[in-house]
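# Tertiary structure, described
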Amino acid sequence: LDNRAELIEALGLQAHARQGLGDGGILLAAWERWGESCPAHLAGDFAFVLWDAKRRLLCCARDHVGTRPLYYHLGPRLFAAASDTRTLLAIPGVPRELDELRISAFLVPGLDNRTGTSYTHVARLPAAHTLAITADGGTRCASITGACVALHDACTWLSEKTGQPSPFGRLVAAVSVGVSGAA
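Residue numbers restart at each chain and count upward from 1, following the sequence in its written direction. Local features in this predicted model are restricted to residues of pLDDT 70 or higher, and side-chain atom pairs are both shown and tallied only at a pLDDT of 80 or more, whereas totals for entire chains, interfaces and linings draw on every residue. Excluding hydrogens and water, the side-chain figures rest on all heavy atoms present in the structure.

## Side note on the overall build of the protein chain
The condition that has to hold: Numbering of helices and strands runs from the N terminus, with a helix taken as a DSSP run of H or I at least four residues long and a strand as a DSSP run of E at least two residues long. Throughout this description, buried means an accessible area under 20% of the type-specific maximum (1.4 Å probe, protein chains only), exposed means over 50%, and partly exposed covers the range between. Residue contacts are defined here by distance: any two heavy atoms, one from each residue, within 4.5 Å place the two residues in contact. Note on areas: these come from Shrake-Rupley sampling with a 1.4 Å probe, and a residue is covered only by the protein chains present in the view.
Within the protein chain one finds seven helices and seven strands. Reading the helices (α) and strands (β) of the protein chain from amino to carboxyl end gives α-α-α-β-β-β-β-α-α-β-β-β-α-α. Here the protein chain, with 183 residues, has 32% of them falling under the buried criterion. The long-range share in the protein chain, meaning contacts at least 24 apart out of those at least 6 apart in sequence, stands at 35%. Carbon and sulfur atoms form 57% of the exposed surface of the protein chain, whose accessible area is close to 11,100 Å².

Below, the structure written as C-alpha coordinates:
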(Lines give C-alpha, C1' and ligand atoms only; values in the text may rest on other atoms or scores of the structure.)
Protein backbone atom coordinates (compact mmCIF):
# COMPACT_ATOMS: atom_id res chain seq x y z
CA LEU A 1 0.00 0.00 0.00
CA ASP A 2 1.45 3.33 -1.04
CA ASN A 3 -0.59 5.38 1.45
CA ARG A 4 0.28 3.40 4.61
CA ALA A 5 1.01 6.48 6.71
CA GLU A 6 -2.30 8.15 5.83
CA LEU A 7 -4.25 4.95 6.46
CA ILE A 8 -2.52 4.33 9.79
CA GLU A 9 -3.39 7.88 10.85
CA ALA A 10 -7.02 7.71 9.61
CA LEU A 11 -7.58 4.33 11.25
CA GLY A 12 -5.85 5.20 14.53
CA LEU A 13 -3.33 2.38 14.20
CA GLN A 14 -0.20 4.24 15.31
CA ALA A 15 0.46 1.90 18.27
CA HIS A 16 0.08 -1.19 16.06
CA ALA A 17 2.32 0.33 13.38
CA ARG A 18 5.21 0.52 15.85
CA GLN A 19 4.81 -3.24 16.35
CA GLY A 20 5.32 -3.94 12.62
CA LEU A 21 1.76 -3.83 11.29
CA GLY A 22 1.74 -5.16 7.71
CA ASP A 23 -0.44 -4.27 4.75
CA GLY A 24 -2.81 -7.13 5.56
CA GLY A 25 -3.53 -5.73 9.03
CA ILE A 26 -4.08 -2.25 7.61
CA LEU A 27 -6.41 -3.68 4.96
CA LEU A 28 -8.47 -5.53 7.58
CA ALA A 29 -8.76 -2.39 9.73
CA ALA A 30 -9.77 -0.37 6.64
CA TRP A 31 -12.42 -2.98 5.82
CA GLU A 32 -13.78 -2.86 9.36
CA ARG A 33 -14.05 0.94 9.17
CA TRP A 34 -15.24 1.48 5.57
CA GLY A 35 -16.67 -1.87 4.43
CA GLU A 36 -17.21 -2.11 0.69
CA SER A 37 -15.91 1.42 0.14
CA CYS A 38 -12.53 0.35 1.61
CA PRO A 39 -10.78 0.03 -1.80
CA ALA A 40 -11.53 3.69 -2.60
CA HIS A 41 -9.28 4.62 0.34
CA LEU A 42 -6.33 2.48 -0.81
CA ALA A 43 -3.50 3.70 -3.02
CA GLY A 44 -0.97 1.52 -4.76
CA ASP A 45 -1.14 -1.88 -6.36
CA PHE A 46 -3.36 -4.44 -4.69
CA ALA A 47 -5.77 -7.24 -5.33
CA PHE A 48 -7.57 -9.02 -2.54
CA VAL A 49 -10.37 -11.42 -1.68
CA LEU A 50 -11.87 -11.04 1.77
CA TRP A 51 -14.65 -12.94 3.57
CA ASP A 52 -16.63 -10.79 5.99
CA ALA A 53 -18.37 -13.26 8.31
CA LYS A 54 -20.47 -10.55 10.04
CA ARG A 55 -21.87 -9.24 6.76
CA ARG A 56 -21.81 -12.72 5.16
CA LEU A 57 -20.12 -11.16 2.15
CA LEU A 58 -17.17 -12.14 0.00
CA CYS A 59 -15.48 -9.08 -1.49
CA CYS A 60 -12.85 -9.01 -4.22
CA ALA A 61 -11.09 -5.82 -5.25
CA ARG A 62 -8.44 -4.76 -7.72
CA ASP A 63 -6.24 -1.66 -7.66
CA HIS A 64 -7.08 1.54 -9.52
CA VAL A 65 -4.65 1.05 -12.39
CA GLY A 66 -4.90 -2.73 -12.66
CA THR A 67 -1.30 -3.54 -11.76
CA ARG A 68 -2.30 -6.61 -9.76
CA PRO A 69 -4.39 -9.13 -11.70
CA LEU A 70 -7.33 -11.01 -10.19
CA TYR A 71 -8.92 -13.94 -12.02
CA TYR A 72 -11.87 -15.83 -10.67
CA HIS A 73 -14.29 -18.68 -11.28
CA LEU A 74 -17.84 -18.40 -9.99
CA GLY A 75 -19.77 -21.61 -10.39
CA PRO A 76 -22.95 -22.92 -8.77
CA ARG A 77 -21.03 -24.54 -5.89
CA LEU A 78 -17.52 -23.07 -6.12
CA PHE A 79 -15.85 -19.68 -6.01
CA ALA A 80 -12.10 -19.60 -6.59
CA ALA A 81 -9.70 -16.73 -7.23
CA ALA A 82 -6.02 -16.36 -8.08
CA SER A 83 -3.56 -13.88 -9.50
CA ASP A 84 -3.04 -16.00 -12.63
CA THR A 85 -5.11 -18.43 -14.69
CA ARG A 86 -2.63 -21.31 -14.32
CA THR A 87 -3.10 -21.37 -10.55
CA LEU A 88 -6.85 -21.00 -10.87
CA LEU A 89 -7.13 -23.85 -13.36
CA ALA A 90 -5.14 -26.13 -11.01
CA ILE A 91 -7.98 -25.96 -8.47
CA PRO A 92 -10.24 -29.04 -8.66
CA GLY A 93 -13.69 -28.09 -9.90
CA VAL A 94 -12.61 -25.17 -12.09
CA PRO A 95 -13.46 -26.13 -15.70
CA ARG A 96 -10.65 -25.80 -18.27
CA GLU A 97 -12.94 -25.28 -21.27
CA LEU A 98 -11.38 -22.93 -23.83
CA ASP A 99 -13.46 -20.01 -25.10
CA GLU A 100 -12.79 -20.16 -28.84
CA LEU A 101 -14.75 -16.97 -29.57
CA ARG A 102 -12.76 -15.06 -26.95
CA ILE A 103 -9.48 -16.46 -28.29
CA SER A 104 -10.39 -15.33 -31.82
CA ALA A 105 -11.31 -11.87 -30.49
CA PHE A 106 -7.71 -11.45 -29.26
CA LEU A 107 -6.70 -11.39 -32.93
CA VAL A 108 -8.99 -8.46 -33.80
CA PRO A 109 -7.60 -5.04 -32.84
CA GLY A 110 -9.94 -2.90 -30.74
CA LEU A 111 -12.05 -5.74 -29.34
CA ASP A 112 -10.59 -5.55 -25.86
CA ASN A 113 -12.73 -7.20 -23.21
CA ARG A 114 -11.79 -6.15 -19.69
CA THR A 115 -13.32 -9.23 -18.08
CA GLY A 116 -12.84 -12.03 -20.61
CA THR A 117 -10.14 -14.67 -20.66
CA SER A 118 -9.27 -17.59 -22.91
CA TYR A 119 -11.39 -19.84 -20.68
CA THR A 120 -15.17 -19.99 -20.67
CA HIS A 121 -15.48 -20.30 -16.88
CA VAL A 122 -12.70 -17.91 -15.82
CA ALA A 123 -13.20 -14.15 -15.63
CA ARG A 124 -10.89 -11.24 -14.89
CA LEU A 125 -11.93 -8.52 -12.47
CA PRO A 126 -11.39 -5.18 -14.24
CA ALA A 127 -9.02 -2.59 -12.79
CA ALA A 128 -10.60 -0.25 -10.22
CA HIS A 129 -13.51 -2.64 -9.58
CA THR A 130 -14.94 -4.69 -6.77
CA LEU A 131 -16.92 -7.89 -6.93
CA ALA A 132 -19.20 -8.66 -4.00
CA ILE A 133 -20.80 -12.07 -3.52
CA THR A 134 -23.47 -12.47 -0.87
CA ALA A 135 -24.07 -15.65 1.12
CA ASP A 136 -27.26 -16.29 -0.87
CA GLY A 137 -25.30 -16.20 -4.15
CA GLY A 138 -26.12 -12.65 -5.24
CA THR A 139 -23.33 -10.80 -7.04
CA ARG A 140 -22.55 -7.21 -7.91
CA CYS A 141 -19.57 -5.73 -9.68
CA ALA A 142 -18.91 -2.03 -9.22
CA SER A 143 -16.35 0.58 -10.11
CA ILE A 144 -14.28 1.84 -7.20
CA THR A 145 -15.42 5.38 -6.40
CA GLY A 146 -12.54 7.78 -6.59
CA ALA A 147 -10.43 5.75 -9.04
CA CYS A 148 -9.88 8.78 -11.28
CA VAL A 149 -8.98 10.91 -8.25
CA ALA A 150 -6.49 8.25 -7.11
CA LEU A 151 -4.95 8.12 -10.60
CA HIS A 152 -4.64 11.92 -10.59
CA ASP A 153 -2.99 11.79 -7.15
CA ALA A 154 -0.56 9.09 -8.33
CA CYS A 155 0.39 11.16 -11.38
CA THR A 156 0.90 14.25 -9.21
CA TRP A 157 3.14 12.23 -6.85
CA LEU A 158 5.14 10.91 -9.83
CA SER A 159 5.52 14.44 -11.19
CA GLU A 160 6.77 15.75 -7.84
CA LYS A 161 9.25 12.88 -7.44
CA THR A 162 10.68 13.09 -10.98
CA GLY A 163 10.36 16.83 -11.66
CA GLN A 164 8.62 15.95 -14.93
CA PRO A 165 5.15 17.17 -15.99
CA SER A 166 2.25 15.06 -14.74
CA PRO A 167 1.19 12.39 -17.25
CA PHE A 168 -2.46 12.66 -16.08
CA GLY A 169 -3.60 14.86 -18.98
CA ARG A 170 -2.02 12.55 -21.53
CA LEU A 171 -3.61 9.50 -19.88
CA VAL A 172 -7.06 11.11 -19.90
CA ALA A 173 -6.60 12.14 -23.54
CA ALA A 174 -5.48 8.62 -24.48
CA VAL A 175 -8.51 7.08 -22.79
CA SER A 176 -10.83 9.60 -24.47
CA VAL A 177 -9.35 8.86 -27.90
CA GLY A 178 -9.62 5.13 -27.26
CA VAL A 179 -13.25 5.41 -26.23
CA SER A 180 -14.25 7.70 -29.10
CA GLY A 181 -12.26 5.61 -31.57
CA ALA A 182 -14.12 2.45 -30.50
CA ALA A 183 -17.54 3.89 -31.28
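## Focus on the side chain of arginine 62
Spelled out, the test is: All tallies of charge rest on Lys and Arg as positive and Asp and Glu as negative; His and the ends of each chain are not included. Salt-bridge detection follows one rule: a side-chain nitrogen of Lys or Arg within 4 Å of a carboxyl oxygen of Asp or Glu. By the criterion applied in these results, polar contacts are pairs of N or O atoms within 3.5 Å in which, for protein atoms, one can donate a hydrogen and the other can accept it, and in which residues neighboring in sequence qualify only through two side-chain atoms.
With respect to the secondary-structure elements, arginine 62 resides in strand β2 (residues 57-62). Comment: no salt bridge for buried arginine 62; closest opposite-charge side chain is aspartate 63, at 5.2 Å. Only 2.8 Å separates the side chain of arginine 62 from the backbone oxygen of glycine 66, close enough to count as a polar contact.

## What to know about the pairing of strand β4 (residues 79-82)
Put simply, the rule is: By this definition, two strands are paired if DSSP reports at least two bridges between them.
In β4, alternate side chains face the same way, and those of Ala80 and Ala82 are buried while those of Phe79 and Ala81 on the opposite face are not. Here strand β3 (residues 71-74) runs beside β4; their pairing, made up of four bridges, is antiparallel. Considered in β4, the bridge of tyrosine 72 is made with alanine 81. Two successive antiparallel strands, β3 and β4, enclose a turn made up of four residues.

## Details of the sheet that holds strand β5 (residues 123-124)
With antiparallel pairing, three strands are arranged side by side in an open sheet as β4-β3-β5. Every interior strand has two partners, whereas the edge strands, β4 and β5, have only one.

## Considering a nonpolar patch on the surface
What counts, and what does not: Patches were defined on residues exceeding 30% relative accessible area and lacking a salt bridge, with like-charge contacts within 9 Å and nonpolar side-chain contacts (Val, Leu, Ile, Met, Phe, Trp, Tyr) within 5 Å.
A contiguous nonpolar surface patch, about 480 Å² in accessible area, is contributed by Leu98, Ile103, Phe106, Leu107 and Val108. Secondary-structure assignment places isoleucine 103 in helix α5 (residues 100-105). On the basis of relative accessible area, isoleucine 103 is assigned to the partly exposed category, the value being 32%.

## Considerations on the pairing of strand β1 (residues 47-52)
Residue alternation in β1 divides its side chains into a buried set, Phe48, Leu50 and Asp52, and an unburied set, Ala47, Val49 and Trp51. Where β1 lies against β2, six bridges are found, and the strand directions are antiparallel. Paired with aspartate 52 across the strands is leucine 57, a residue of β2. Linking two consecutive strands that pair antiparallel, namely β1 and β2, is a turn of four residues; a positive phi of about 55° is found at arginine 56 within it.

## Focus on the nonpolar core
For clarity, the cut-off: Among the buried residues, those of types Ala, Val, Leu, Ile, Met, Phe, Trp, Tyr and Cys that are joined through side-chain atoms within 4.5 Å form a nonpolar core.
Of all hydrophobic cores here, the largest spans 20 residues; its most connected members are Leu11, Ile26, Leu42 and Phe48. With residues up to four places along the chain from it excluded, the contact list for phenylalanine 48 reads Leu27, Pro39, Leu42, Cys59, Cys60, Ala61 and Leu70. Core analysis: the second largest hydrophobic core is formed by eight residues, Leu58, Leu70, Leu125 and Leu131 among them.

## Quick word on the packing of helix α1 (residues 4-11) against helix α3 (residues 23-34)
Using the following cut-off: In this analysis, axes come from line fits to C-alpha atoms, helices being fitted only over the stretch in contact, and the angle between any two N-to-C directions falls in the range 0 to 180 degrees. Relative orientations are named as follows: roughly parallel for angles under 35 degrees, roughly antiparallel for angles over 145 degrees, roughly perpendicular for angles from 65 to 115 degrees, and oblique for any other angle. Whether a crossing is left-handed or right-handed is set by the direction in which the near helix is turned from the far one by less than a right angle, anticlockwise for left-handed and clockwise for right-handed. Gly is put with the polar residues, along with every residue not named as nonpolar or charged; the nonpolar set is Ala, Val, Leu, Ile, Met, Phe, Trp, Tyr, Cys and Pro, and the charged set is Asp, Glu, Lys and Arg.
Put simply, α1 and α3 touch, their axes get as near as 10 Å, and they point 45° apart. Classified by the interaxial angle, the pair formed by α1 and α3 is oblique. For the crossing formed where α1 meets α3, the hand is left-handed. Contacts between α1 and α3 pair Arg4, Leu7, Ile8, Ala10 and Leu11 from the former with Asp23, Ile26, Ala29, Ala30, Arg33 and Trp34 from the latter. Along the lines of polarity and charge, the residues of the contact of α1 with α3 split into eight nonpolar, no polar and three charged.

So far we have only geometry, and geometry alone does not tell us how the molecule works.
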